[in-house]
Amino acid sequence: MSTSPVSSARAFTVADFDFTLPEHLIAQHPAAERSASRLLDGTGSEPVDRIFRELPGLLQPGDLLVFNDTQVVKARLFGEKASGGKLELLIERVLLPHEALDGSPNEVVGHLRVSKKPLPGGRLHLAGGLKGGGFDAVFIGRWPDEQGQLFRLRLEGPAGEDPYTLMARHGHVPLPPYITHGDDAEDERRYQTVFARVPGAVAAPTAALHFDEGVLSGLEARGVRRANVTLHVGAGTFAPMKTERIEEHVMHHERYAIPPATVQAIEDCRARGGRVVAVGTTTVRTLESWAKTGELQGDTNIFITPGFDFRVVDVLVTNFHLPKSTLMMLVSAFAGYEHVMALYRHAVAQGYRFFSYGDAMLLARSTAA
């Protein structure tokens, strides 16, 4: 199996990133223990089947692991319009006061599933509404502009309760669309990393779900350093591509921040000859956005496809991604198209579990990439 990617001169289409996945390989529940999931080691020319708890031994003293410390919020809410029509709201983002029309901390934007969209000023009753122990939302309009796909709302709950408090009390874990069961106590615990710190994501940085205290202790003993970034994963990560021409796809925006301490940790890592190991594609997108723009915080809609010039990340821990997705393109850009597609064929043949609750893989950046 060659680790050299197809020449970036090749004109890829979305269909090039398709593969056949038996439905029974889509993981509906996490492994019994976080680090007991499987790890497909794709750093060499041939795949090696491992267990995730072996990861510390696959890294080198002086390497730097960079995690995404975003925290998944219970962003899925159910309610009804004043007319009685049922609705579902998935809050994508809590707007900062300077982003809100009235400067308040109570404006949000999200996806609204309802038979007929309300008019501006329309009131929505969520989790029973204010009168039923829940809260209300006033529909303002589309976001970020009149043609935007998201909707802007102002939440009105009991005094002193901000959007995060309201979601924590009344919301549901926003499980991905391919997980068919409703959220339960197991999901509240396991669809969250052990180091989640900054609330704001509507999808977990799933490669980090495999880490537990045993693995973290093993990494420390191995001499592997740790740092963190924050990228609030949006629901757009699951959105299918609607164009066959890759260059016509419009990427969704996600908010990110990189602490100065992480910048210093990366500089120190380079100075000692270590490698930057990104845990998850969200970490890759954050670090490479910074490398591209020089901005330590802001919004990113970076779209990484074969031919991309990686400037920060050397090694990637990632889960298995949906066919024909932007994340399949990212990992193919990172480790080489032919190599990644061969690894996926191996994973399917060996019965690896796919997607958010599935198994992981370890990739090295192709020298040609």
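What counts, and where the lines are drawn
Residues numbered from 1 in each chain as written. Predicted model: local features only at pLDDT ≥ 70, side-chain atom pairs only at ≥ 80, totals over all residues. Heavy atoms only, no water. Phe/Tyr/Trp six-rings, centres within 6.5 Å; stacked < 30°, edge-to-face > 60°. Helix = DSSP H or I, 4+ residues; strand = E, 2+ residues; numbered from the N terminus. Buried < 20%, exposed > 50% of the residue type's maximum accessible area, 1.4 Å probe, protein only. Axes fitted to C-alpha atoms, helices over the stretch in contact; angles between N-to-C directions. Parallel < 35°, antiparallel > 145°, perpendicular 65-115°, else oblique. Left-handed = near helix turned anticlockwise from the far one by under 90°. Contact = heavy atoms within 4.5 Å. Nonpolar A, V, L, I, M, F, W, Y, C, P; charged D, E, K, R; others polar. Salt bridge = Lys/Arg side-chain N within 4 Å of Asp/Glu carboxyl O.

Let's shift gears to the packing of aromatic side chains. Within the structure shown, the criterion is met by 19 aromatic pairs. Residues Phe-19 and Phe-354 carry aromatic rings whose centres are separated by 6.0 Å and whose planes lie at 40° to one another, so their mutual orientation is tilted. Here Phe-19 is found in the segment before β1 (38-41), whereas its partner Phe-354 is found in the loop between α8 (337-349) and β17 (360-364), with 335 residues between them in sequence. Assessed through its relative accessible area of 14%, Phe-19 is described here as buried.

Helix α7 (residues 326-335) packs onto helix α6 (residues 281-293) with a crossing angle of 70° between their chain directions and a minimal axis gap of 11 Å. On the basis of the axis angle, α6 is roughly perpendicular to α7. The element α6 and its partner α7 pack so that their crossing is left-handed. Residue-level contacts link Thr-281, Val-284 and Arg-285 of α6 to Leu-327, Leu-330 and Val-331 of α7. In the contact of α6 with α7, the residues fall into 4 nonpolar, 1 polar and 1 charged.

Here the idea is simple: oppositely charged side chains can pair when their charged atoms come close. Per the stated rule, a full pass over the model turns up 21 salt bridges. Between Arg-50 and Asp-41 there is a salt bridge, with the nearest N and O atoms lying 3.0 Å from each other. For Asp-41, a relative accessible area of 6% puts it in the buried group. Among the salt bridges present, the one from Arg-93 reaches Asp-299, with a minimum N-O distance of 3.0 Å. Pair noted here: Arg-93 is in strand β6 (residues 86-94) and Asp-299 is in strand β15 (residues 297-300), with a separation of 206 residues, a long-range link. A residue is classified by how much of its surface remains accessible, and Asp-299, at 38% relative accessible area, is partly exposed. Residues participating in the shared-partner salt-bridge network are Arg-123, Asp-136, Arg-154 and Glu-156.

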